[in-house]
Amino acid sequence: MRSTVLHIAPDALSWAQWVLADEPILLGDLPVAWTVSARATPSGLPQWTAYFSTGVPPEVLLDFLFAVEARPDPAYGYTGPNVVLDALVEHGWLRDIDTPGAMVSDPQLAASVALTILPEDGIQDGDPFGLDPTTEPTGWLAWCEPRMGDVLWTATFSASTPHDLVAAFARSLASPAPVLRHTLPHASSGRLTARPAL
């Protein structure tokens, strides 16, 4: 008996699945908690899949899901990768000196988003070229590492994930709006501004 939780959109074109209990997928050393996928037709195979480890800020994941839900055709993208980078730079994130067109980090260098070669294992994508063993598919990778070697969370977007959807994730991640937290990650000590909730 499986214990995954599956939420399917009314049009059956996208879905989110809690996989932590059943499918031991790892992003780095962190287990994947949620996968989000979309397809072109209700009976088709997934066109892309996004993977979110434990620890991804819940409001960021929620904003990504709202962006997927708002798309009438979530399987296809119509913008280029700059929309992701621009969403982060608009909120003060810094382009990497060595790879300005592919990586940005927050001003404290605790979190980064990069367009890079994806891990070989476990990342599913509907692009048939992604199945070619001679190619190295690229996609978006986001992570939070406030102290070297202490990764709090990661998110991976397969190669065909529409850039505007990744930009919605990035925009939410970089937002300076305060968020509610009962506890703070130990590794973030001294890096966050905390104030009492009203």
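Residues numbered from 1 in each chain as written. Predicted model: local features only at pLDDT ≥ 70, side-chain atom pairs only at ≥ 80, totals over all residues. Heavy atoms only, no water.

*Asks:* I'm lost on the packing of helix α1 (residues 58-70) against helix α3 (residues 163-174) in this one. Help?
*Replies:* Packed helix pairs are characterised by how far apart their axes lie and by the angle those axes make with each other. Contact geometry for α1 and α3: axes closest at 8 Å, N-to-C directions at 150°. One element, α1, and the other, α3, form an angle in the roughly antiparallel class. For the pair α1 and α3, the crossing hand works out as right-handed. From α1, Glu59, Val60, Asp63, Phe64, Ala67 and Val68 reach across to α3, where they touch Leu165, Val166, Ala168, Phe169, Ser172 and Leu173. Across the contact of α1 with α3, the residue classes break down as nine nonpolar, one polar and two charged. (Axes fitted to C-alpha atoms, helices over the stretch in contact; angles between N-to-C directions. Helix = DSSP H or I, 4+ residues; strand = E, 2+ residues; numbered from the N terminus. Parallel < 35°, antiparallel > 145°, perpendicular 65-115°, else oblique. Left-handed = near helix turned anticlockwise from the far one by under 90°. Contact = heavy atoms within 4.5 Å. Nonpolar A, V, L, I, M, F, W, Y, C, P; charged D, E, K, R; others polar.)

*Asks:* Help me understand the environment of valine 5 in this model?
*Replies:* Relative to the assigned elements, valine 5 resides in strand β1 (residues 5-8). Each C-alpha atom, one on valine 5 and one on tryptophan 34, is 9.4 Å from the other, the two residues being 29 residues apart in sequence. Once you skip the residues sitting within four places of it in the chain, valine 5 turns out to touch Ala16, Gln17 and Trp18.

*Asks:* Help me understand unusual backbone geometry in this model?
*Replies:* Note: most peptide bonds trans; most residues except glycine with negative phi. Positive phi, normally seen in glycine, also occurs at alanine 12, with a value near 65°. Topologically, alanine 12 is positioned in the loop between β1 and β2 (14-18). Even without being a glycine, leucine 109 presents a positive backbone phi close to 60°. Relative to the helices and strands, leucine 109 is located in the loop between β7 (103-105) and β8 (111-117). By relative accessible area, which is 60% here, leucine 109 ends up exposed. (Buried < 20%, exposed > 50% of the residue type's maximum accessible area, 1.4 Å probe, protein only.)

*Asks:* Please clarify how the packing of helix α2 (residues 82-89) against α3 should be interpreted in this entry.
*Replies:* Interhelical geometry of α2 versus α3 gives an angle of 10° and a closest axis separation of 8 Å. The orientation of α2 with respect to α3, classified from their angle, is roughly parallel. Residues Val83, Val84, Ala87 and Leu88 of α2 form the contact with α3, whose own contacting residues are His163, Asp164, Val166, Ala167, Ala170, Arg171 and Ala174. Grouping the amino acids of the contact of α2 with α3 by side-chain chemistry returns eight nonpolar, one polar and two charged.

*Asks:* Help me out: how do you make sense of the pattern of salt bridges in this one?
*Replies:* Think of it this way: side chains of opposite charge can pair up when their charged atoms draw near. Within this structure, the stated rule accounts for three salt bridges. Aspartate 164 is the partner of arginine 71 in a salt bridge, and the nearest nitrogen-oxygen pair spans 3.0 Å. Taken together, the residues arginine 71 in the loop between α1 and α2 and aspartate 164 in helix α3 connect sequence positions 93 residues apart. With a closest N to O distance of 3.3 Å, arginine 95 and aspartate 86 form a salt bridge. Residue arginine 95 is classed as partly exposed on the basis of its relative accessible area, which comes to 35%. The class of aspartate 86 is partly exposed, set by a relative accessible area of 34%. What you see here is one network of salt bridges that share partners, running through Arg71, Asp73 and Asp164. (Salt bridge = Lys/Arg side-chain N within 4 Å of Asp/Glu carboxyl O.)

*Asks:* Is there a simple way to explain the side chain of threonine 35 in this structure?
*Replies:* On the secondary structure map, threonine 35 appears in strand β4 (residues 30-38). Setting aside its immediate chain neighbours within four residues, threonine 35 contacts Trp15, Ala16, Gln17, Val19, Thr49, Ala50 and Tyr51.

*Asks:* Any chance you could explain the packing of aromatic side chains here in plain terms?
*Replies:* Two aromatic rings, taken as a pair, are described by how far apart their centres are and by the angle between their planes. On inspection of all chains with the given rule, the structure shows eight aromatic pairs. Here tryptophan 18 and tryptophan 34 contribute two aromatic rings whose centre-to-centre distance is 5.4 Å and whose plane-to-plane angle is 70°, an arrangement assigned as edge-to-face. Note that tryptophan 18 is positioned in strand β2 and tryptophan 34 in strand β4, a separation of 16 residues in sequence. Taken together, the ring pairs in this structure connect Trp48, Phe52, Phe64, Trp153, Phe157 and Phe169 into an aromatic cluster. (Phe/Tyr/Trp six-rings, centres within 6.5 Å; stacked < 30°, edge-to-face > 60°.)

*Asks:* Can you help me understand α2 in this one?
*Replies:* Think of an α-helix as 3.6 residues a turn; residues three or four steps apart then line up on the same face. Of the positions making up α2, those classed as buried are Val84, Leu85, Ala87 and Leu88. The buried residues of α2 occupy one face: seen down the axis, they fall within an arc of 160°. Each element contacted by the buried residues of α2 is listed here: β6 (94-95), β7, β8, β9 (138-144) and α3. (Arc of directions from axis to C-beta.)

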